There are 2 protein chains.
Amino acid sequence: MIRATSTWLTFKRRFQQICQLSDDTIGQNRLVYSPNWIAAQSALIHFGQQIGLTTIVDNYGNVYLDLPGKDNQVIATGSHMDTVINGGRYDGLYGVLGGLQALHELKERFGTPQHTLRLISFSEEEGSRFKTTFSGSKYYALQQTVPNLTDSDGVSFEHARRTAVSQLQALKNTIVKRPVIPASFTELHIEQGPRLVTSQDQIGLVSGIVGQRRFTVTVKGQSNHAGTTPMNNRHDALQTAVNMITRLERIAHQLSDSLTFTVGQLTVSPNASNVIPGTVCLTIDVRHADDSVLNQFEQSINECLNRVTDPLIKVTANRYVRDLPAAFDTTLLSQNEQIARRLGLSARVMVSGAGHDSYVMNQVSPTTMIFVPSEGGISHAPNELTHPADLKAGIKLLMASLHAQAY
Amino acid sequence: MIRATSTWLTFKRRFQQICQLSDDTIGQNRLVYSPNWIAAQSALIHFGQQIGLTTIVDNYGNVYLDLPGKDNQVIATGSHMDTVINGGRYDGLYGVLGGLQALHELKERFGTPQHTLRLISFSEEEGSRFKTTFSGSKYYALQQTVPNLTDSDGVSFEHARRTAVSQLQALKNTIVKRPVIPASFTELHIEQGPRLVTSQDQIGLVSGIVGQRRFTVTVKGQSNHAGTTPMNNRHDALQTAVNMITRLERIAHQLSDSLTFTVGQLTVSPNASNVIPGTVCLTIDVRHADDSVLNQFEQSINECLNRVTDPLIKVTANRYVRDLPAAFDTTLLSQNEQIARRLGLSARVMVSGAGHDSYVMNQVSPTTMIFVPSEGGISHAPNELTHPADLKAGIKLLMASLHAQAY
C-alpha cells in the first residue's frame, strides 16, 4: 500500500500560503499581473516543482503543471489565480490548488498515468483590473489576445503583462510555451450561489452555463422644479424607469422561474431632491440556460420601450453583452454522476449562473465543472466560505474523475 | 400731464446691464457675495441714486431703495438678487427691477407718496452657495443669522459676507442700517411652473405657499451575484425601492390632484451591472397647501416601510424638511384681484409650489405675490423666459397696487 504524503494538511498549507499574500481583513487581492499575483503564480510553480511536475508558463502568464503520461493526450483540470478586488479565498484558488492536490495524490498513489495530467492556473478570469475577462483561457484555447487596454492607474495591459510574465518565465526549470489543447477539461469551483446549500447537496455537476445578455437603458425626460410642476405636466425620467422595471420584473417572473433579472446599475440626473429627474440610465442583466427565453425577454424590453407614449420622454435600449448558453460535455457529466454515486456523494446536476474559464474551454475541448457549496451563497466578498468537508468532497470527486480519464 | 421718462426701455437697459455680468451661454451666476453679486447690488444702488431714492444696505447685503413718504409707514416690494448656478434671467431679478420700475414711475407721475415706498433686493434666497436659504429676508424680517457655514471652496459665510457687504456699504451716500419692518410686502416673481401658460392667464395672484416635507429613505438589502442568486433568494434593495416608489406614487395620486410627489435623488450601491443592489438611498419631496394632506402622506410612507416583510431588508425613512403651508394676506389678495380686473388683466388665484422670500416676510407683514407666466414652465435654467408683454403686465399691476397702498 502506497503512503499518501499529500494530505489535507498539504492542501491547507498551500492554500494559506497564497491567501496570506493578501490582507485578510479586506479580502483577497490578486489582480492579474500585480505583485501578489506574481507571488502566487510563482508559489504554484514552486509547489509543482517540489512534487516533480513539469512547469510551463505561456506568454499570458498561464501556468501549466504537467504530470507526463505514457502518451501525449492531455487530461486537464484547473481554474484561475486572479481575484476580484477584495474578493474571497475560494473563488478560483480552490480549483487551482484542488487540482494540484488531485495530481499530487494520483501521482503518489498510481504513478505515471496513461495520458498526461495537466493542472492549469489561468492568469485572469475576473476582469477586475482591465476591462477584459477570461483573457488567460482565451489566450490558451482560442489564441485570442487582448487589445490595447489600460488599468485605472493608466498602466497598459501589455506593459503589465510583459513585466509580470517575464518574472515567471525567468524562474528555474520553467518551460516557456503555449502547450497543446487538452482532450478534456474539468474545472473544480465553488458554486457562488445558494442552491447547493439550500438543497443540502455536497456536489453540483454542471451541465452548462446560462446565456447572458446585458443592456443599457436610457430614459430622457425633462428635469423641472419639484414644487411648481403639476403632476400631470411632468416628464419624469425616474417614474418612467420605475414603471418599466416593475413591468419587466413581472414579465421575467412569468417567463421562467430560472430566468434571473437584475437592474444592478441606476443613475439619476441631475439627482437633486427638489428637481424632477431629467435622465435615468440603468442596466439590465438577464440570464437563462435557454437562449430562446432570452430572445423572448429581449422582445419584452422592446415592447416596454414602445409603451412609453409621452412624446417628451425618449427611451432607448442598447444590448452590449450577448453570450450564448454553453452546454457542457454530456459524457463527462454522466461519468461524474456515476463516480459521485459510487463515492457516496450527494450530487445534483445544475446550470451555472456565472461565467467561468470552462465557458471558454468548452469551445475547444469536452468540458465539465464540479461545484461545491458556498455558505450563504456569498461570493466575491471576504466572507466567502466553503466548509472543509465540502472542499474535500470536491477534490475527492475530481481526483476520481481524473483517475478514470487518465489511468 | 407728467412726462414719464421711466419707460420700458429703462427697465430693459437695467435688466441687460445686470444680466451681462454673467456669461449668457451657461446662464446667470450671481451667487451670494460673489463678484457678480457685488457688481449687481452696486449697480442697483447706482440706479436708485440716479432717480433720487434713499439707498440703504444692511449687514447681510440686503439693499433697500426708499422713496420717502409723508409718514414713516412703509409699503415694500422686492425680491432677491442671487441666482442658482447657471440660472435664468428672470428668477429674482424681475421682482427687483420690476419693483424699481414701479417706484421710478410712481415717483415721476405722482411725486411724494403718503407712505414710504421701499424696494428691497434681498441678498440670498436660493441657497446655491451656502447650505442655507432665504438668509437675506430671514436677517431682515426675523433677525435670524446664519450659523458657521462654508461654501464648496471652503470659504466661510462670515468671511464672504463681510468682504462683500463692506464694499456695498463703502459706496457713496449709502446708509448702513437694518430698516423697520414694512406695513405690507408685495413680491413680483415669475411663476416657475406651467399653470399660467396652460390656463393662458397673464397674472397669478398668490394666495399662499404650499407646505413641504422632504424625506431620505434608505433601503438596505444584500448585494449578491446577479447570475448565481435565484430570484426567490434575493434581498434586492432596488426592487424594494422600486415597489415602494410605485406604491407611493399611486397613493399621492389618490390623495390629492395638487399633491406633488417627487423622487429626485436615488443612488444605488454597489451600482454594478452584474451585482444585485445592496443599498439604495432616495429622497422624497412632497408639497401641498393643506398640511393635513401632508400628514396623511407621511403616514402612508410609514405604512410602506411596514409592508416590507423580508427580514433581511431594512427600510428607514427620515424627515429632514417640514415647512408648514403659508397663507398670504387676504385683503391684499382681493385688492389685487380688483385692480387686475380694472386694468383688464386676466388673473387667477393660485398657490405657489415653491418657496419665496414672501414665505419669510409673511411671518412679519401682510404679504402677497404677483406671478407672471414662465414659458414652458421652465426655471432655474438658462432658457427661462417670460415674454415682454407679460413682464409689462406684472409691473403694471404691481405699480397700481403700490399706488393704491401708498398714495
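Every chain's residues receive numbers from 1 upward, in the order its sequence appears when written. For naming, the first written chain is A and the first written ligand is 1, with later ones following in the order written. Thresholds applied to this predicted model are a pLDDT of at least 70 for local features of residues and 80 or more for the giving and counting of side-chain atom pairs; totals over whole chains, interfaces and linings are not thresholded and use all residues. Neither water nor hydrogens contribute to the side-chain values; these are computed over all heavy atoms in the structure.

Caption draft 1: Representation of the overall build of chain A. Starting at the N terminus, helices and strands are each numbered in turn, a helix being any DSSP run of H or I of at least four residues and a strand any DSSP run of E of at least two. Tallying secondary structure elements over chain A gives 11 helices and 17 strands in all. Note on method: radius of gyration uses C-alpha positions; expected globular size equals 2.2 Å times residues raised to 0.38. A compact globule built from 407 residues would reach a C-alpha radius of gyration of about 22 Å, and chain A, at 24 Å, matches this within 12%. Dimensions of chain A, computed from C-alpha atoms along their principal axes, come out at roughly 85 × 45 × 35 Å. Out of the 407 residues in chain A, the part that is buried amounts to 57%. The contact criterion used throughout is that any non-hydrogen atoms of two residues lie within 4.5 Å. For chain A, restricting intrachain contacts to residue pairs at least 6 apart in sequence, the fraction spanning at least 24 positions comes to 81%. With residues, only the protein chains shown are counted as cover, and all accessible areas are computed by Shrake-Rupley using a 1.4 Å probe. Summed over all atoms, the accessible surface of chain A reaches about 15,900 Å², with 49% contributed by carbon and sulfur. Charge counting follows a simple rule: Lys and Arg are positive, Asp and Glu are negative, and His as well as the terminal groups are ignored. Charge placement uses NZ in Lys and CZ in Arg. For Asp and Glu, CG and CD serve respectively. Distance from the positive charge centre (35 side chains) to the negative charge centre (34 side chains) of chain A: 3 Å. Using a 1.4 Å probe on the protein chains alone, a residue whose accessible area is under 20% of its type maximum counts as buried, one over 50% counts as exposed, and one in between counts as partly exposed.

Caption draft 2: Just the UniProt feature "binding site: allantoate" (unreviewed entry) in chain A, in detail. In the numbering adopted here, UniProt assigns the feature "binding site: allantoate" (unreviewed entry) to Arg214(A), Asn274(A) and Arg287(A). These annotated residues cover 74 residues of sequence, and their C-alpha atoms reach 36.9 Å apart at the extreme, placing them across more than a single site. Inspection of the secondary structure puts Asn274(A) in the loop between strand E11 (266–269) and strand E12 (275–276). Judged by its relative accessible area of 31%, Asn274(A) is partly exposed. With residues up to four places along the chain from it excluded, the contact list for Asn274(A) reads Asn224(A), His225(A), Ala226(A), Arg214(B), Asp285(B) and Arg287(B). UniProt positions are given in the numbering used here, feature names are shortened, and annotations may be inferred rather than shown by experiment.

Caption draft 3: Summary view of the UniProt feature "binding site: Zn(2+) 1" (unreviewed entry) in chain A. Residue and element names in this part refer to chain A. Following the UniProt record, the feature "binding site: Zn(2+) 1" (unreviewed entry) maps to His80, Asp91 and His189 here. Spanning 110 residues, the named residues form one tight spatial group whose C-alpha atoms are at most 9.7 Å apart. Tracing the sequence through the fold places His80 in strand E3 (residues 74–80). For His80, a relative accessible area of 0% corresponds to the buried category. Not counting residues within four places of it along the chain, the set of residues in contact with His80 comprises Asp91, Gly92, Leu93, Val96, Phe122, Glu125, Glu126, His189 and Asp357.

Caption draft 4: Examining the relation of the copies chain B and chain A more closely. In screw terms, the move from chain B to chain A is a rotation of 180° and a rise of 0.1 Å along the axis, fitting with an RMSD of 0.1 Å. Put plainly, the chains are arranged around a two-fold axis. Considering only C-alpha atoms, the residue of chain B closest to the rotation axis is Val242(B), which sits at 2.8 Å. Both copies contact each other with a shared surface, as 100% of the interface residues of chain B are interface residues in chain A too. Here the copies were fitted onto each other by least squares, based on C-alpha atoms from residues at pLDDT of at least 70 in both.

Caption draft 5: Summary view of the interface of chain B and chain A. With 50 residues of chain B at the interface, the matching set in chain A holds 50 residues. When chain B packs against chain A, the two sides together hide about 4,000 Å² of surface, and 52% of this comes from carbon and sulfur. By definition, the buried area sums, over both parts, the 1.4 Å-probe accessible area that each loses when the two are put together. Summed over the three residues of chain B that lose the most area to chain A, namely Thr228(B), Met231(B) and Ser273(B), the buried surface amounts to 15% of that side. A pairing counts as a salt bridge when a side-chain nitrogen of Lys or Arg comes within 4 Å of a carboxyl oxygen of Asp or Glu. Scanning the region where chain B abuts chain A turns up zero salt bridges. Under this definition, polar contacts are N or O atom pairs within 3.5 Å; protein pairs additionally need one hydrogen-donor-capable and one acceptor-capable atom, and for neighbouring residues in sequence, both atoms have to be side-chain atoms. The interface formed by chain B and chain A holds 17 residue pairs in polar contact (both at pLDDT 80 or more) in total. Residue assignment for the side of chain B that touches chain A shows that the elements contributing at least two residues are helix H6 (195–199), strand E9 (224–225), helix H7 (237–255), strand E10 (260–262), strand E11 (266–269), strand E12 (275–276) and strand E13 (279–288) of chain B. Counting residues per element, the side of chain B that touches chain A draws most heavily on H7(B), which supplies six residues. Residues are grouped as follows: Ala, Val, Leu, Ile, Met, Phe, Trp, Tyr, Cys and Pro are nonpolar; Asp, Glu, Lys and Arg are charged; every other residue, Gly included, is polar. Tallied by class, residues from the side of chain B that touches chain A come to 19 nonpolar, 24 polar and seven charged.

Caption draft 6: How the structure looks around the domain arrangement of chain A. Each domain's extent was defined by an automatic or database domain assignment. What the domain assignment reports for chain A is domain 1 (8–209 + 326–406) and domain 2 (211–321). Look at where the C-alpha atoms of domain 1 of chain A and domain 2 of chain A centre, and you get two points 38 Å apart.

Caption draft 7: Examining helix H2 (residues 35–50) of chain A more closely. All names here are of chain A. With 16 residues, H2 should cover 22 Å at 1.5 Å per step; its first-to-last C-alpha distance of 22 Å lies within 8% of that length. Inspection of H2 places Trp37, Ile38, Ala40, Gln41, Ala43, Leu44, Ile45, Phe47 and Gly48 among the buried residues, and these make up the whole buried set. Phi turns positive, to about 80°, at Gly52, one or two residues after H2. Given a helix with a known number of residues, its expected span is that number minus one, times 1.5 Å.

Caption draft 8: Here's a closer look at the side chain of Gln101(B). All names here are of chain B. For Gln101, the position within the fold is in helix H3 (residues 93–110). With a relative accessible area of 4%, Gln101 lands in the buried category. A distance of 3.3 Å separates a polar side-chain atom of Gln101 from the backbone oxygen of Thr7.

Caption draft 9: Expanded view of helix H8 (residues 291–307) of chain A. Residue and element names in this part refer to chain A. Across its 17 residues, H8 extends 25 Å between first and last C-alpha, which sits within 8% of the 24 Å expected from 1.5 Å per residue. Of the positions making up H8, those classed as buried are Asp291, Val293, Leu294, Phe297, Glu298, Ser300, Ile301, Cys304 and Leu305. Looking straight down H8, one finds its buried side chains confined to an arc of 165°; they lie on one side. Facing away from the buried surface of H8 by more than 90 degrees, the exposed residues are Asn306 and Arg307. Contacts from the buried residues of H8 go to strand E8 (211–220), helix H7 (237–255), strand E10 (260–262), strand E13 (279–288) and strand E14 (314–323). Within this analysis, the arc is defined by the directions that extend from the helix axis to the C-beta atoms.

Caption draft 10: Region of interest: the nonpolar core. If you look at the biggest cluster of nonpolar residues, it comprises 62 residues, and the most contacted ones within it are Tyr33(B), Leu44(B), Tyr94(B), Leu97(B) and Leu100(B). It is helix H11 (residues 388–406) of chain B that contributes the most residues to this core, nine residues altogether. Among buried residues, the Ala, Val, Leu, Ile, Met, Phe, Trp, Tyr and Cys ones that are joined through side-chain atoms within 4.5 Å form a nonpolar core. Counting residues in hydrophobic clusters, the runner-up holds 61 residues, among them Ala40(A), Ala164(A), Leu188(A) and Ala340(A).

Caption draft 11: Structural detail: the environment of Lys70(A). Residue and element names in this part refer to chain A. Tracing the backbone through its elements, the reader meets Lys70 in the loop between strand E2 (63–67) and E3. Of the residues examined, Lys70 reaches a relative accessible area of 61% and is grouped as exposed. Sequence spacing of Lys70 and Val275 is 205 residues, and the spatial spacing of their C-alpha atoms is 73 Å. Setting aside residues up to four positions removed in sequence, Lys70 forms contacts with Thr112, Pro113, Gln114 and His115.

Caption draft 12: Looking closely at the packing of aromatic side chains. Here is the rule: rings of Phe, Tyr and Trp (six-membered ring for Trp) pair when centre to centre is within 6.5 Å. Planes less than 30 degrees apart are stacked, more than 60 are edge-to-face, and the remainder are tilted. Under the criterion given, the structure shown has 28 aromatic pairs over all chains. Here Phe11(B) and Phe15(B) contribute two aromatic rings whose centre-to-centre distance is 5.6 Å and whose plane-to-plane angle is 25°, an arrangement assigned as stacked. Linking Phe11(B) with Phe15(B), this pair stays in helix H1 (residues 8–19), spanning four residues, or about one helical turn. By the ring-pair criterion, three or more aromatic residues cluster together here, those being Tyr33(A), Trp37(A), Tyr60(A), Phe130(A), Tyr139(A) and Phe157(A). Against the face of Tyr139(A) rests Arg178(A), its NZ or CZ located 4.2 Å from the ring centre. A cation over a ring is seen here: Arg14(B) above Phe47(B), with NZ or CZ 5.7 Å from the ring centre. In this analysis the charged atom, NZ for Lys or CZ for Arg, is taken to sit over a ring once it is within 6 Å of the ring centre and within 35 degrees of the ring normal.

Caption draft 13: View of the environment of Phe261(A). Structurally, Phe261(A) can be placed in strand E10. The spacing of Phe261(A) and Thr116(A) is 145 residues in sequence and 42 Å in space, taken between C-alpha atoms.

Caption draft 14: Seen up close, the pattern of salt bridges. All names here are of chain A. Considering all chains together, one arrives at 23 salt bridges over all chains under this definition. Arg213 is the salt-bridge partner of Asp291, the closest N and O atoms lying 3.2 Å from each other. Placement of the pair is Asp291 in helix H8 and Arg213 in strand E8, with a sequence separation of 78 residues. In this structure Asp291 comes out as buried when scored by relative accessible area, which is 16%.

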